[in-house]
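Fold and contact review
For reference, the chains in residue letters:
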Amino acid sequence: MAVTDHDTTDAVAEAQLLGQARGIEVIAGIEITSMESGRDMHLLGYFFDPSHAAFAAFLGRQRRNRIARVEAIGARLAALGMPIDMEPLLGLARRDTGRSLGRPQIARAMIAAGHVQDTREAFDKWLQHGAPAFVPREGPRPAETIAIIHQAGGIASIAHPGADDWGGAVRTLAEAGLDAVEAYHSDHDAAMIEEYLTMARDLGLLVTGGSDFHGDPAHGLDPGSVTLPAGEWERLQAAGARGSPER
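On a predicted model such as this, the values are computed, not experimentally measured, just so you know. (Residues numbered from 1 in each chain as written. Predicted model: local features only at pLDDT ≥ 70, side-chain atom pairs only at ≥ 80, totals over all residues. Heavy atoms only, no water.)

1. Side note on the packing of helix 2 (residues 53-79) against helix 6 (residues 142-151)
- Between helix 2 and helix 6, the least distance of the axes is 8 Å, while the angle of their chain directions is 145 degrees. In this structure, the crossing between helix 2 and helix 6 has a hand that is left-handed. Counted together, Ala 54, Phe 55 and Phe 58 of helix 2 and Glu 144, Thr 145, Ile 148, Ile 149 and Gln 151 of helix 6 form the full contact between these two elements.
- Considering only residue class, the contact of helix 2 with helix 6 consists of five nonpolar, two polar and one charged. (Axes fitted to C-alpha atoms, helices over the stretch in contact; angles between N-to-C directions. Helix = DSSP H or I, 4+ residues; strand = E, 2+ residues; numbered from the N terminus. Left-handed = near helix turned anticlockwise from the far one by under 90°. Contact = heavy atoms within 4.5 Å. Nonpolar A, V, L, I, M, F, W, Y, C, P; charged D, E, K, R; others polar.)

Spelled out as structure tokens, the structure:
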């Protein structure tokens, strides 16, 4: 298994220790937010070195951009008549420089303030793209993200491409060095899984999979609710052992 937090590797060492005690192999993982055509594109990294200096610096910039965005969203919510207590969120993120701050924490603060019933309502009505409190983010282009994952010795996969309608971008990403496609995902139905498995075979890409569990009952997911078939995992594991060209 892997814990793929957004723009931070802070959970990797702890998860590996806990996994070792329970006989579970835990590999290094991360989900990095990139920007393409004004939209978020999420890229997954696996098997990288979390201590790689350039990679760590890159993630630090990502987290600082997240703090600035959260501040802007908080100001927009206040202007909409839905103020939330920002200081606990911002103070914790600034004290704990490995902590990744984003819209899920804002959604929980909106629940605490009585503005919404659950995080799904917060996103659907206020925080998702095009909603009144949405603030566009700044971020690297996908090719830059792929390159820094490779520099840290990892392999790069596009996350939930069907859910975000990124199928048309996969070929271009493959030309930029993308290694894999997340075909198995909680938002992909059987037809979508088959579509991305076929695409991966046609482009010579590996396949990844995940539940996208967020620790939030509103999502209705559990860890391991989506798994990667053994054959696909063995191919992924072999590629991870070989490492990226940068390793």
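2. Overview of the sheet that holds strand 3 (residues 155-158)
- Ordered in space as 1-2-3-4-5, the five strands form an open sheet in which the pairing is mixed. The open sheet has two edge strands, strand 1 (29-36) and strand 5 (206-210), and neither has a second partner. In this sheet, adjacent strand axes meet at a mean angle of 40 degrees when their direction is disregarded.
- Pairing between strand 4 (residues 180-185) and strand 5: five bridges, direction parallel. Note that in strand 5 the partner of Glu 182 across the bridge is Thr 208.
- Most of the contacts of helix 8 (residues 190-203) go to strand 4, to which it runs at about 160 degrees, and overall it touches strand 4 and strand 5. (Pairing = 2+ DSSP bridges.)

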